[in-house]
Amino acid sequence: MKKILANDGIDAIGKQMLESAGFVVETTKIPQDQLNEKLKDYDAITVRSATKVRKDTMDANPQLKLIGRGGVGLDNIDVYHAKQRGIRVINTPMSSSASVAELVFAHIFSGARLISHTNRVMGTDPISSFNDLKKQASNGVELRGKIMGIIGFGRIGQEVAKIALGMGMDVLAFDPFVDEVDVPFYFHKSVQSNAVKIKLRTVSKEAVINNSDFISLHVPFNEGDKAVIGETELAKMKKGSGIVNCARGGVIDEAALILSLKSGHLLFAGLDVFASEPPKEKSELFTLPNVSLSPHIGGSTAEAQNRIGIELAEKIIEFFKNN
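Basis of the calculations
- Residues numbered from 1 in each chain as written.
- Predicted model: local features only at pLDDT ≥ 70, side-chain atom pairs only at ≥ 80, totals over all residues.
- Heavy atoms only, no water.
- Salt bridge = Lys/Arg side-chain N within 4 Å of Asp/Glu carboxyl O.
- Helix = DSSP H or I, 4+ residues; strand = E, 2+ residues; numbered from the N terminus.
- Buried < 20%, exposed > 50% of the residue type's maximum accessible area, 1.4 Å probe, protein only.
- Core = buried A, V, L, I, M, F, W, Y, C linked by side-chain atoms within 4.5 Å.
- Contact = heavy atoms within 4.5 Å.
- Phe/Tyr/Trp six-rings, centres within 6.5 Å; stacked < 30°, edge-to-face > 60°.
- Lys NZ or Arg CZ within 6 Å of the ring centre and 35° of its normal.
- Pairing = 2+ DSSP bridges.
- Axes fitted to C-alpha atoms, helices over the stretch in contact; angles between N-to-C directions.

A. Structural view of the pattern of salt bridges. Following the criterion strictly, the structure yields 12 salt bridges and no others. The salt bridge involving Arg-201 is made with Glu-180; its shortest N-O contact spans 2.7 Å. Residue Arg-201 is found in strand S9 (residues 196–201), and its partner Glu-180 is found in strand S8 (residues 180–185); the two are separated by 21 residues along the sequence. Judged by relative accessible area, which is 56%, Arg-201 ranks as exposed. Judged by its relative accessible area of 37%, Glu-180 is partly exposed. A salt bridge links Glu-284 to Lys-262, with the nearest nitrogen and oxygen atoms 3.0 Å apart. Placement of Glu-284 in the loop between strand S12 (266–271) and strand S13 (291–293) and of Lys-262 in helix H11 (residues 254–263) is noted, with a sequence separation of 22 residues between them. Using a relative accessible area of 38% as the deciding quantity, one classes Glu-284 as partly exposed. One salt-bridge network, held together by shared partners, links Glu-180, Asp-182, Lys-199 and Arg-201.

B. Region of the structure containing the nonpolar core. Membership of the largest hydrophobic core comes to 27 residues, with the highest contact counts inside it found for Phe-105, Ile-108, Met-148, Ile-150, Phe-153, Val-171 and Phe-214. Within the residue set of this core, elements represented by two or more residues are helix H5 (97–112), strand S6 (147–151), helix H8 (155–166), strand S7 (170–174) and S8. Per-element tally for this core: the top contributor is H5, with 7 residues. Discounting chain neighbours no more than four positions away, the residues touching Phe-214 are Ile-108, Ala-112, Val-141, Leu-143, Lys-146, Ile-147, Met-148, Gly-149, Met-169, Gly-242 and Phe-268. Counting residues in hydrophobic clusters, the runner-up holds 26 residues, among them Val-208, Val-228, Ile-243 and Leu-257.

C. Up close: the side chain of His-81. Note that His-81 resides in helix H4 (residues 79–85). A relative accessible area of 14% means that His-81 is categorised as buried. Once you skip the residues sitting within four places of it in the chain, His-81 turns out to touch Lys-55, Met-58 and Asp-59.

D. Quick look at the packing of aromatic side chains. Applying the stated rule across the entire model yields 5 aromatic pairs. Measuring from ring centre to ring centre gives 6.1 Å for Phe-214 and Phe-268, while their planes differ by 45 degrees; the resulting arrangement is tilted. A residue pair is termed long-range when its members are at least 10 positions apart, and Phe-214 in strand S10 (residues 214–217) and Phe-268 in strand S12 qualify at 54 residues. Each member of the pair, Phe-214 as well as Phe-268, is classed as buried. Joined through ring pairs, the aromatic side chains of Phe-23, Phe-319 and Phe-320 make up one cluster. Here the guanidinium or amino end of Lys-3 rests over the ring plane of Tyr-42, the centre of that ring lying 4.9 Å away.

E. View of the sheet that holds strand S3 (residues 44–47). Read from one edge to the other, the open sheet built from 5 strands follows the order S2-S1-S3-S4-S5, with strand pairing classed as parallel. Each edge of the open sheet is held by one strand with a lone partner, namely strand S2 (24–26) and strand S5 (88–91). The average angle at which neighbouring strand axes cross in this sheet is 20 degrees, direction not considered. Across the sheet, helix H12 (residues 302–322) touches strand S1 (3–6), S3, strand S4 (66–69) and S5, and the angle it forms with S5 is around 155 degrees.

F. Quick look at helix H6 (residues 115–124). For H6, every residue scored as buried is listed here: Ser-116, His-117 and Thr-118. Looking at the buried side of H6, the elements it contacts are H5, helix H7 (130–137) and S13.

Now the structure itself:
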């Protein structure tokens, strides 16, 4: 009987599917510093973003056959070493893309209409602040007719493009591994069969940075990598533009971002991820009026969790059935 450790949890339906197929599924979280020792009782582990499965963990657990990631990115797993050891690595690229893309636009709407700022102030001082806030927020901007820039044009980036097109925006996308994509243009599953496909060709990263009114990032980031967006890139963005990071902390240089926001060069930033999670100290990012914040919830909707659990369970069952 195979034992699976769902160390960052798994949706109830996914757990039920695995147990019905004869697996033992444990959901009690093992702390990172105890993982190497306590993982010895398991044949597979599933993680989300919190747990890291690195070389030392794999080397300490030769019995491990599979690592499952509930989500898209694999930067918390040493995929190359897993391949060297013959450990199968799976993820769930179909399950959370729409949820992340919707959160991107939640941040864009919040920043473009100054909702995050007005909500904070009205929550503490609704009477005396009302008229001043009304004047400030009247300088918000519309999305229709603006240019949505996307850096990283995989599944999530393409979902962002669908929403942007539906909003009447133009799209500029960069991805070193993608040249052209047919993006289905529809609003509801009932009309997917008749979806119109819009052909989008990617452009250079410089073109996205220089010309976009809003930029959303959807790229991996590993410890030690250089920020994709730093002081130089921020300076080249349009004055009054906005940027959203629902990908990985570290993709944007946070110190440079603070300076750009304080100077007024950027209109706003929307952040779901941070260089340190949870933050080690309270940065200015958490107090600036033109920043919209969420605690790394991009793929964490009820619907996405359900889909992730099902997709993980299906792939795990299929793997052990054939191996």
